[in-house]
Amino acid sequence: MRKIVILTGAGISAESGLGTFRDAGGIWTKYPLEDVATPEGFARDPVLVHEFYNARRVQAAAAQPNAAHHALARLQRDWPGEVVIVTQNVDGLHEAGGARGVIHMHGTLAGALCAGCGHRWVAPETMDTTTPCPACTRPSARPDVVWFGEMPYFMDTIFDHLASADLFAAIGTSGQVYPAAGFVQEATASGARTIELNLEPSAVASNFDETRFGPASRVVPDWVSDMLGLRG
Ligand SMILES: [Zn+2]
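Residues numbered from 1 in each chain as written. Predicted model: local features only at pLDDT ≥ 70, side-chain atom pairs only at ≥ 80, totals over all residues. Heavy atoms only, no water.

- An unreviewed UniProt entry lists the protein under the name NAD-dependent protein deacylase, with Ruegeria pomeroyi given as the organism.
- The protein has a UniProt comment under Function (unreviewed entry) that states "NAD-dependent lysine deacetylase and desuccinylase that specifically removes acetyl and succinyl groups on target proteins. Modulates the activities of several proteins which are inactive in their acylated form."
- Of the protein, the UniProt comment under Subcellular location (unreviewed entry) reads exactly: "Cytoplasm". (UniProt positions renumbered as here; feature names shortened; annotations may be inferred.)

1. A short note on the pattern of salt bridges
Phase 1 of the analysis: Enumeration over the complete set of coordinates arrives at eight salt bridges.
Phase 2 of the analysis: A salt bridge links Arg 44 to Asp 35, with the shortest nitrogen-to-oxygen separation between them at 3.3 Å.
Phase 3 of the analysis: Here Arg 44 falls in the exposed class, since its relative accessible area comes to 55%.
Phase 4 of the analysis: Overall, the relative accessible area of 29% leaves Asp 35 in the partly exposed class.
Phase 5 of the analysis: Two residues, Glu 150 and Arg 142, come together in a salt bridge whose shortest N-O distance is 2.8 Å.
Phase 6 of the analysis: On the basis of relative accessibility, which here comes to 25%, the residue Glu 150 falls in the partly exposed class.
Phase 7 of the analysis: Assessed through its relative accessible area of 8%, Arg 142 is described here as buried. (Salt bridge = Lys/Arg side-chain N within 4 Å of Asp/Glu carboxyl O. Buried < 20%, exposed > 50% of the residue type's maximum accessible area, 1.4 Å probe, protein only.)

Structure (structure tokens):
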């Protein structure tokens, strides 16, 4: 076993104080995703959408990586093969925890995207409907995050990694959002072993060879220790 591909979702950042989306009390129960996470919602009320992401950007900037982020960075550093981390999260906690080359399939709060010309730049802490694009000068800045109805980023790269993976691990994902929820089948079809680490079984848990349930800050470091041969 050489190459490990890891998919992470909101569950890995929950213990860093960043909310999950679909659980009871999750972000989508407070802010309807149709309003704040779709191109139509942004067209309808860009002020609300900017306020929502400004608040999340501030919150994410103040958050600290937890033991699960640190453990994955250690796996990447110490595993005698390739470890690719793909995340659905728009926070930067993997990088803050020491991970390298993280693939942000749903974009990042740290990025701004021009809805007019497609230019990307580092997001200011707050954006609004007057924020100009540095390339075309139009006031058409939006968060560089992938909204519902939009194609996730880097899909060709991700499927190439899944096709060459020996082990696929999904950590803290709901299994309710495609295409990410289909990664386990893609990896299985390519001959990879699969494991789910989650607080509770995801919608696609039965598709995995192995499952481990509990808080990410416990099950992820334990799994990494097992992988690195550090536990009995
Ligand atoms: Zn522009």
